[in-house]
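# Structural description and commentary
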Amino acid sequence: MATINFSINGTSHAIDTDPLRRLLDILREDLKLTGVKEGCGEGECGACSVLKDGVLVNSCMIPIGTCEGSEIITPEGLRETVQGKAIIDAYGESGAVQCGFCTPGMMMATEALLRKNPSPSEGEAREALSGNLCRCTGYDMIIDGVLKAAERGKGLW
Amino acid sequence: MNKKISTSIKRVDAGIKTGGAARYIGDIPFDGLLYGKIVRSSRARATIKSVSVPALPEGYYYIDAKDIPSGGRNRIEMIKDDWPVFADEQVRFIGETIGLLVGPDRKELNRLRDEVKVEYEDLTPVFSIEEAEALKGGPIHGEDNTYADYRLQKGDPDAAFAKAARVIEDTVRTGFQEHIYMEPQGVVARTEDDGKLGIFFSGQCPFYVRHAVSATMGVSEDQVRVQQAVTGGAFGGKEHYPDVISTPLAVAARKIGKPIGLFFDRVEDISFTPKRHPSVTHFKTALDEDGHILGMDIDVRIDAGAYESCSMVVLQRAIFSVNSVYNIPNVKIRGRAFATNNVPSDAYRGFGAPQGLFAMEAHMSHLARAINVDELKLKKQYLLKQGDVTITNGRIHEEVKLPEIIQRIDDMSGYSKKLKEHTPGLWKGIGISLFNHGSGFTGNGEQEIIKGVVKMRKRADGLVDLLVSNVEMGQGLQTTFRKIAAMVLELPVDSVIYNDPNTDLVPDSGPTCASRSIAVVGYLVQEAAKKLKDRWKESDIVEVRQQYEPPEGLVPWDQENLQGDAYPSYGWGANVIEVEVDPLTYEVTTKGIWAVHDVGVAIDEKVVEGQVDGGIIQALGYGSLEKLEVKEGRFQQKTMADYTIPTTMDFPKIKSALVDNPYEYGPFGAKGAGELVFDGAAAAFADAVQMAINGDVKQIPVTPEYIMEVREDGNN
């Protein structure tokens, strides 16, 4: 057991737990932040994507012990921001959402991309989302959503 | 095109899903939830001699067939009931449910599961269609290992073969495919305050689950309440399998008296849940001296796995699809679904049609290569037309717009022009496929088995409840059903309330499968809305009911002999794929994807386009990347790292279009779309590759290893 101090969506937390537990489980089970999904449990699908200190990570691959002092942003946090709202709107207009299980993770990957590159090309958007799998959409409309968010949200990132 | 209905609106569930607020089965809080862990067979075919369960800590339970209440049955009542809830003395596949461990801690459950010792007496297992046909180890099922053995005949094939100048034989194979719905299987069972058994699940068919659970528990169906949770993809994989896991869970929940959740992780899901049926199709085609097709003799065999579940219906759709969109004058077909000791095969988007269509499209392309004629020219000679006789001696009742579809896709893709530019064998190729897909249950299933009912209720507050059992699983039904009702009622879309179904609150409008939700149930929604509109002013609260009736003028269905109209209407389509093959590594790069479909009328263009995009990419995975091998009854790929589905980087943007062709008995003229859009891409891809490498491609997935085999064998 160890005490881990970190912030989630801007709120500080101190959690006493096994440092080897997955960030994914801390978020979903302890904090009931169920916008983070488990699709594969081995870092392949990206459904559990969060931002850790601004970097896109698969929370199923992150032991909570490595989060000491970190700032974590989950879909619940991002959706309240002006950038998150821009992505959500752009996804909706683009038809990017079907079953929705991958979509919160896609939103996180989109945010990570746009922070680094606010006006990506189609190819750059595809590359940035290549770690996030979707079985419903064939990806075209998700990529449209990323590009639309960048265009509509110009100046936000 | 009916612009008003087809004009896209923002999906009603887009915002809640993107932001992560939608609650899937694993996101719903249940007080005091325990977890289940299935104890599975490690043998493919064996007799169970004994099961020894370790001493269980307090609060842990082991549940098996002995816990099924009296009056219940150790059978999962699906279309067939041969699959037991808990293995019945014998196990027939690796992963079969033997018992269920229940307790509060999942790690502890895993430890306990590893300590359950099962003593087996091994029998000789069967892992392929060939071994099943040879009755290796004695039959698993019946006397000949076939769950179904069908024969169809149209015209006079024997006379056709007697006249033949040449007979060409061809064998085409398709592999397993795993659904990879992004959300793995999950179900929760508990006893409700009113004493009913409550089942919460991720899946397609709430009334299937209610039926199966009530039969296992020996209670009437109204003693089971099934609530669908937001479902993270299904593709057929959550059509029957939820019955397989909700039945043992119900037994446990009733005995233990606490809510229990059964959630698969990805490895468990890939390893033990059903897959698309592998197939082997053998063609003998009789040609005259000028290369005209006189007749065909086709043998279709599918690997149905260890239990039948729905395999005979999958086989029906496979053999009804194995002439693709062609009117071949004289045909005989035999179709067999074989029992093996592999994981049971079951529903997967297309339900047998992708196998049949791939086989025929591949065969037509091989014929064209063999007699050295242009493939599309050959295909065009045999296109089905309105009034033509189908393989089940039914009729094509609708106008077939294939000529328009072909012209359109040729204009969009430059197929004919590129065909002349590329030289076969020089590593660039372009391929085409044609296909159709019957909407709704096969044969008389809609009127004899399903008998779907829709209700609609005007509420005192002026809103309208749409009461149906069909589910949103990603395909957009929450949006399209509301649009149909709202447009008829001339109300805003958000005035129509359509919740995820609860079997206590909605009538049984049937399962969410078979491209029936829009084509069949959507029509009932439209007709119910018309009734409600007529009666709108009667009272504050008005409820209407609409039951399915078959369209008029069909050729009656004879289920015994599989004769008549197998489907009242079809969607139609064409795909073109352009590829380049690396001459050293044989890796294939897809350079272009084009698609034209006739889905009648789109209820929402964006929703249909989303189905087209997703269906094609899933089919390209089937045709190229998704190799799933079974060895000794175990899938060799069991993670998402080694079973690879397409990513954003694998395929270019799809260019697609729709051809308008309103269907009289569809809502606003709509037909089914969800499966049609899967049906053609694998064949177009294989066709493109065979041009690039100048060798017949006879199986999918078309991997670099397979391409190497074709190259090394010459024209195999």
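### Overview of the nonpolar core
Residues and elements named next belong to chain B. Core analysis: the biggest nonpolar cluster contains 276 residues, and Ile199, Ala485, Val525, Phe685 and Val689 have the highest contact counts within it. Per-element tally for this core: the top contributor is helix H18 (residues 681-693), with 11 residues. Discounting chain neighbours no more than four positions away, the residues touching Val689 are Gly429, Val579, Val581, Val588, Val697, Val702 and Ile707.

### Describing the domain arrangement of chain B
Residue and element names in this part refer to chain B. Along its sequence, chain B is carved into domain 1 (25-123 + 179-272), domain 2 (350-442 + 565-712) and domain 3 (445-509 + 517-547). Centre-to-centre, using C-alpha coordinates, domain 2 lies 34 Å away from domain 3. Listed by partner, the interface residues are 18 residues for domain 2 and 17 residues for domain 3. Its residues placed into classes, the side of domain 2 that touches domain 3 shows eight nonpolar, eight polar and two charged.

### Considerations on the domain arrangement of chain A
Residue and element names in this part refer to chain A. As far as domains go, chain A holds domain 1 (2-74) and domain 2 (79-152). Taking only C-alpha atoms, the centre of domain 1 and the centre of domain 2 are 21 Å apart. Counting from both sides, the interface comprises 13 residues of domain 1 and, opposite them, 12 residues of domain 2. Top contributing element to the side of domain 1 that touches domain 2 by residue count: strand S3 (residues 49-52), with three residues. Classifying every residue of the side of domain 1 that touches domain 2 by side-chain character gives seven nonpolar, five polar and one charged.

### Observations regarding the sheet that holds strand S12 (residues 260-263) of chain B
Residue and element names in this part refer to chain B. Reading across from one edge, S3-S5-S1-S12-S9-S10-S11 is the order of the seven strands in this open sheet, with mixed pairing throughout. Strands at the two margins of the open sheet, each flanked by one partner only, are strand S3 (61-63) and strand S11 (224-228). Neighbouring strand axes in the sheet, compared pairwise and without regard to direction, differ in orientation by 25° on average. Examined bridge by bridge, strand S10 (residues 197-201) and S11 share five bridges and lie parallel to one another. Its bridge partner lying in S11, Phe200 is registered against Gln227. Relative to the sheet, helix H3 (residues 106-115) contacts strand S1 (34-40) and strand S5 (97-103), its axis offset from that of S1 by approximately 20°.

### Description of the packing of helix H4 (residues 103-116) of chain A against helix H6 (residues 140-152) of chain A
Each pair of packed helices gets described by two things: the angle between the helix axes and the distance between those axes. Residue and element names in this part refer to chain A. Contact geometry for H4 and H6: axes closest at 11 Å, N-to-C directions at 45°. On the basis of the axis angle, H4 is oblique to H6. Where H4 crosses over H6, the handedness of that crossing is right-handed. Along the contact surface, H4 presents Met106, Thr110, Leu113 and Leu114, while H6 presents Ile142, Val146, Ala149 and Ala150. Looking at side-chain class alone, the contact of H4 with H6 contains seven nonpolar, one polar and no charged residues.

### Brief notes about the pairing of strand S22 (residues 588-598) of chain B
All names here are of chain B. Most of S22 sits inside the fold, with eight of its 11 residues counted as buried. Two elements, strand S21 (residues 570-581) and S22, share 10 bridges in a ladder whose sense is antiparallel. By the bridge assignment for S22, Val579 is matched with Thr590. Turn length for the S21-S22 hairpin, with the two strands adjacent in sequence and antiparallel, is six residues, and the turn residue Tyr586 shows positive phi of about 60°. Both S22 and strand S25 (residues 654-658) contribute to a ladder of five bridges, which runs parallel. Residue pairing for S25: Trp594 is matched across the bridge by Lys655.

### Digging into the interface of chain A and chain B
Many authors give the size of an interface as the accessible area that is lost as the parts come together. Taken together, the 40 residues of chain A in the interface contact 41 residues of chain B. Among the secondary structure elements, those contributing two or more residues to the side of chain A that touches chain B are helix H2 (75-78), helix H3 (82-94), H4, helix H5 (122-128) and H6 of chain A. Here the side of chain A that touches chain B is built from residues that sort into 19 nonpolar, 12 polar and nine charged.

### Remarks on the packing of helix H9 (residues 311-321) of chain B against helix H10 (residues 353-371) of chain B
Residue and element names in this part refer to chain B. Close contact between H9 and H10 brings their axes to 7 Å; oriented N to C, the two are set at 25°. With respect to H10, the element H9 is oriented roughly parallel. For the element pair H9 and H10, the recorded crossing hand is right-handed. In this structure, H9 contributes Arg317, Ala318, Ile319 and Ser321 to the contact, and H10 contributes Ala353, Gln355, Gly356 and Leu357. Classifying every residue of the contact of H9 with H10 by side-chain character gives four nonpolar, three polar and one charged.

### Focus on the sheet that holds strand S2 (residues 46-52) of chain B
All names here are of chain B. The three strands lie next to each other as S4-S2-S6, forming an open sheet whose pairing is antiparallel. If you trace the sheet from one side to the other, it starts and ends with strand S4 (90-91) and strand S6 (117-122), each paired once. Here S2 pairs with S4 via two bridges, running antiparallel. Bridging from a neighbouring strand, Thr47 pairs with Gln90 of S4.

Reading guide: rules and limits
Residues numbered from 1 in each chain as written. Chains lettered and ligands numbered in written order. Predicted model: local features only at pLDDT ≥ 70, side-chain atom pairs only at ≥ 80, totals over all residues. Core = buried A, V, L, I, M, F, W, Y, C linked by C-beta atoms within 7 Å. Buried ≥ 20, exposed ≤ 12 C-beta atoms within 10 Å, placed from the backbone. Helix = DSSP H or I, 4+ residues; strand = E, 2+ residues; numbered from the N terminus. Contact = placed C-beta atoms within 7 Å. Domains from an automatic or database assignment. Nonpolar A, V, L, I, M, F, W, Y, C, P; charged D, E, K, R; others polar. Pairing = 2+ DSSP bridges. Axes fitted to C-alpha atoms, helices over the stretch in contact; angles between N-to-C directions. Parallel < 35°, antiparallel > 145°, perpendicular 65-115°, else oblique. Left-handed = near helix turned anticlockwise from the far one by under 90°.

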